[in-house]
Amino acid sequence: MRKRIEDEFTHLKISRQRKYQLRMLRDKRCTECGEPAVQGSRCLKHLIKARERQRKKRGLKRRYYNTLSYRLEAAAQAATAKRAHKARGPAAQARAR
């Protein structure tokens, strides 16, 4: 049997899900999946999902590209592209030229 968690949230009269969220927030992790939080309380994946959920709920057509989720998404895509380019190696890059 697992050892019971004893911390500042143990004796609060709130649900176990809310305790989980508060622990994740304290540890700077995503409150939905436990991944490291990018900023605030969510990881990038859940930040994007929340953005799209809000757009659908409110019936918005425009996209506000200067918001945090778009900037973080663009930075993550740029980093992924840079890693992929670097991983190809010098021989593949020479053939591509």
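Look up: the structure comes first, before these words.
Rules and cut-offs
Residues numbered from 1 in each chain as written. Predicted model: local features only at pLDDT ≥ 70, side-chain atom pairs only at ≥ 80, totals over all residues. Heavy atoms only, no water. Helix = DSSP H or I, 4+ residues; strand = E, 2+ residues; numbered from the N terminus. Buried < 20%, exposed > 50% of the residue type's maximum accessible area, 1.4 Å probe, protein only. Contact = heavy atoms within 4.5 Å. Axes fitted to C-alpha atoms, helices over the stretch in contact; angles between N-to-C directions. Parallel < 35°, antiparallel > 145°, perpendicular 65-115°, else oblique. Left-handed = near helix turned anticlockwise from the far one by under 90°.

**Student:** What am I meant to see in the environment of leucine 72 here?
**Tutor:** Within the element layout of this structure, leucine 72 appears in helix H3 (residues 68–87). Leucine 72 sits in the partly exposed class, given a relative accessible area of 21%. Along the primary structure leucine 72 and valine 38 are separated by 34 residues, whereas in three dimensions their C-alpha atoms are 8.3 Å apart. Ignoring anything within four residues of it in the chain, the contact list for leucine 72 reads Val38, Leu44 and Leu47.

**Student:** Looking at this model, I keep getting lost on the packing of helix H2 (residues 44–58) against H3. Mind explaining?
**Tutor:** Two quantities define a packed helix pair, namely the angle between the axes and the distance from one axis to the other. Running from amino to carboxyl end, H2 crosses H3 at an angle of 135°, the nearest separation of the two axes being 10 Å. Taken as axis vectors, H2 and H3 run oblique relative to one another. Crossing handedness for the pair H2 and H3: left-handed. The residues of H3 that touch H2, namely those facing Leu44, Leu47, Ile48, Arg51 and Glu52, are Leu68, Ser69, Tyr70, Leu72, Glu73 and Ala76.

**Student:** I keep staring at unusual backbone geometry and nothing clicks. Help me out?
**Tutor:** In this model, lysine 28 sits at a positive phi of 60°, which is unusual for a non-glycine residue. Structurally, lysine 28 is set in the loop between helix H1 (16–26) and H2.

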